[in-house]
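Given next are the chains, with one letter for each unit.
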Amino acid sequence: MSSQINSEIISIGTEILLGEITDTNSVYLAKALRDVGINVFYMTSVGDNRQRIADSIRTAMKRSNLVITCGGLGPTVDDMTRQAVADATDRELVFHPLLFEQIADRFKSFRATMTENNRQQAFLPANAITIENPVGTAPSFAVGHQGSIVISLPGVPREMKFLMTEKVIPMLKEKFDLGIIKARVLHTAGIGESTLDDVIGRGLLEASNPTVGLAAHNGQVDVRITAKADSETEADSMIAEYEAELRQRIGKYVFGADAETLEDVLRLVLSEHGASVAVADAGLNGSLVATLGAAVITSALYDSPDSLRTELQMPEASLRQLTEAAAADLHEKTGATICIAVASRPDVEESADSAESTSVTVKLGEKIRSRVYGFGAKSELVRSWIKTWSLAQSWWMLKEAMNE
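Since the structure is predicted, the reported quantities are computational estimates derived from the model, not experimental observations.

1. A few points about the overall build of the chain
Link 1 in the chain: Within the chain, the regular secondary structure consists of 14 helices and 17 strands.
Link 2 in the chain: Relative to its length of 404 residues, the chain is extended, with a C-alpha radius of gyration of 27 Å against a globular reference of 22 Å.
Link 3 in the chain: Across the 404 residues that make up the chain, the buried fraction comes to 49%.
Link 4 in the chain: Contacts in the chain between residues far apart in sequence, at least 24 positions, make up 67% of those at least 6 positions apart.
Link 5 in the chain: When the accessible surface of the chain is totalled, it reaches about 19100 Å², and 48% of it is carbon and sulfur.
Link 6 in the chain: Positive and negative side-chain charges in the chain, numbering 39 and 54 respectively, have mean positions lying 3 Å apart.

Next up, the structure:
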């Protein structure tokens, strides 16, 4: 069996902590490490502070064989990763003349002017292994210390991804006896997370290899099977055994796996059974209509819930009452198999959870399901949450109807 290597990722940059950028680098690194069988147990974000970066690295080395830092290797005053790694590993920074020449040559190749502060990029912790960066000007490096390895990569995504793929992964494969970690995700709808947990049972959910975990989204719950093995073939076999058992227990709720999306599956089911959809959209600019495409036989768009209230002559109706009435009205007028009505206040971003700012209703025959949210049409969440929930309910209700 391959070695058990535990790792930690440290993202460096005050801009991450201020919410100015999204840390996509850690996600990429975690997937890259997973694919070569390295466990990622911790992710840390730390600002541009030498002491805090060094403390984070010291803590990480106590619990992980491998620590990967990302960011802080540039030429400016706030690029402190080199010094922090040196502090954490009890060594000095050493100037590398050859490395400085390489940086200068890189600037020439880019037809850019190198300033004096770029000189600091040629300083690395003593006895560090240089990781040449042919796609950028920030040299990377690796340092061994008390049984752990610290690898520092630039924060520019293009440079980080290149170095991780072309330099770091081969280095790790050479140093460690690595296997593979592979995952498969089953997508479910029509069942809540707690009920799904109960149906699957503790035996599977508490297994160590493969592991089975749940991730709830709005309207659907994902079941992730993760196997660690010496080869992809072995991992596939382990996953297949668990998937077969899971499908016996929860198969009627599974609408797809891995890259299969709810909208693609629903469009296919609608086509296979000659089913149709009608949509009333008050405040979301037809986003559901665009998602379902040709399956929608008719749609009614309104600029706000108030416009829909006027149309249905329901001036005092709550948003839930409004969407339920709109779905029933659509069914009566169009005869569509599934009728979806959504109303969202265009002037609201977020409000209290108890407030009705958005409501969505799905109706199939005499069955009707509704959901109310506290965020309105100005929120970035609203379209994705409404889409996922309404499509999940449509798929499940249609499935139930076909089995009756």
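From this point, the narrative continues.
2. Describing the packing of helix H3 (residues 50-63) against helix H4 (residues 81-88)
Link 1 in the chain: Remark: H3 packs on H4, axes separated minimally by 8 Å, with the N-to-C direction vectors making an angle of 50°. In terms of axis orientation, H3 runs oblique to H4. Of the two elements, H3 crosses H4, and the hand of that crossing is right-handed. Across the interface between the two elements, Arg 50, Ile 53, Ala 54, Ile 57, Arg 58 and Met 61 from H3 touch Gln 83, Ala 84, Val 85, Asp 87 and Ala 88 from H4.

3. A short note on the sheet that holds strand E10 (residues 211-217)
Link 1 in the chain: Taken in spatial order, the four strands make up an open sheet running E10-E11-E9-E12, and their pairing is antiparallel. The open sheet is flanked by E10 and strand E12 (254-257), the only strands paired with a single partner. Averaged over all pairs of adjacent strands, the angle between their axes in this sheet comes to 25°, without regard to strand direction.
Link 2 in the chain: Examined bridge by bridge, E10 and strand E11 (residues 220-229) share seven bridges and lie antiparallel to one another. Bridged to His 217 within E11 is Gln 220.
Link 3 in the chain: Sheet contacts for helix H7 (residues 193-200): strand E9 (180-189), E10 and E11; angle to E10, the most-contacted strand, approximately 160°.
Link 4 in the chain: Sheet contacts for helix H9 (residues 232-250): E9, E10, E11 and E12; angle to E9, the most-contacted strand, approximately 20°.

4. Description of the nonpolar core
Link 1 in the chain: Within the largest apolar cluster, 55 residues are counted, with the highest numbers of intra-cluster contacts made by Val 277, Ile 340 and Trp 395.
Link 2 in the chain: Looking at this core, the element that brings in the most residues is helix H14 (residues 382-403), giving nine residues.
Link 3 in the chain: Other than its neighbours up to four places away in sequence, Trp 395 contacts Ala 189, Lys 252, Tyr 253, Val 254, Phe 255, Leu 262, Val 265, Leu 266 and Val 269.
Link 4 in the chain: Core analysis: the second largest hydrophobic core is formed by 24 residues, Ile 9, Ala 32, Ile 149 and Ile 169 among them.

5. Examining the pairing of strand E1 (residues 6-12)
Link 1 in the chain: Among the seven residues that make up E1, seven are buried, leaving the element largely enclosed by the rest of the structure.
Link 2 in the chain: The alternating pattern of E1 places Asn 6, Glu 8, Ile 10 and Ile 12 on one face and Ser 7, Ile 9 and Ser 11 on the opposite face, and all of these are buried.
Link 3 in the chain: Two strands pair when backbone bridges link them, and E1 and strand E2 (residues 39-46) are joined in this way by seven bridges, in the parallel orientation. By the bridge assignment, Ile 12 is partnered in E2 with Val 46.

6. Here's the deal with H3
Link 1 in the chain: The end-to-end C-alpha distance of H3, which contains 14 residues, comes to 21 Å, matching closely the 20 Å that a straight helix rising 1.5 Å per residue would cover.
Link 2 in the chain: For H3, every residue scored as buried is listed here: Ile 53, Ala 54, Ser 56, Ile 57, Ala 60 and Met 61. One side of H3 holds all its buried residues, which, seen down the axis, span an arc of 160°. Opposite its buried face, H3 presents the exposed residues Arg 52 and Lys 62, each directed more than 90 degrees away.
Link 3 in the chain: The secondary structure elements touched by the buried residues of H3 are E1, E2, strand E3 (66-70), H4, strand E7 (140-145) and strand E8 (148-153).
Link 4 in the chain: Among the residues of H3, the N-terminal cap falls to Asn 49, whose side-chain oxygen and the backbone nitrogen of Gln 51 are separated by 3.2 Å.

7. Notes on unusual backbone geometry
Link 1 in the chain: In this chain, Asn 209 is followed by Pro 210 through a cis amide linkage whose omega measures 0°.
Link 2 in the chain: Mapped onto the fold, Pro 210 is located in the loop between helix H8 (202-205) and E10.
Link 3 in the chain: Despite not being glycine, Asp 258 shows a phi value in the positive range, around 55°.
Link 4 in the chain: Of note, Asp 258 is situated in the loop between E12 and helix H10 (262-272).
Link 5 in the chain: The class for Asp 258 is partly exposed, based on a relative accessible area of 36%.
Link 6 in the chain: One non-glycine residue, Gln 313, lies in positive phi territory at about 55°.
Link 7 in the chain: Secondary-structure assignment places Gln 313 in the loop between helix H12 (305-312) and helix H13 (319-334).

Procedures and definitions
Residues numbered from 1 in each chain as written. Predicted model: local features only at pLDDT ≥ 70, side-chain atom pairs only at ≥ 80, totals over all residues. Heavy atoms only, no water. Helix = DSSP H or I, 4+ residues; strand = E, 2+ residues; numbered from the N terminus. Rg over C-alpha atoms; globule rule 2.2 N^0.38 Å. Buried < 20%, exposed > 50% of the residue type's maximum accessible area, 1.4 Å probe, protein only. Contact = heavy atoms within 4.5 Å. Areas by Shrake-Rupley, 256 points an atom, 1.4 Å probe, with all protein chains shown as cover. Lys, Arg positive; Asp, Glu negative; His and termini not counted. Charge placed at Lys NZ, Arg CZ, Asp CG, Glu CD. Axes fitted to C-alpha atoms, helices over the stretch in contact; angles between N-to-C directions. Parallel < 35°, antiparallel > 145°, perpendicular 65-115°, else oblique. Left-handed = near helix turned anticlockwise from the far one by under 90°. Pairing = 2+ DSSP bridges. Core = buried A, V, L, I, M, F, W, Y, C linked by side-chain atoms within 4.5 Å. Expected span 1.5 Å × (residues − 1). Arc of directions from axis to C-beta. Polar contact = N/O pair within 3.5 Å; in protein donor to acceptor, adjacent residues only side chain to side chain.

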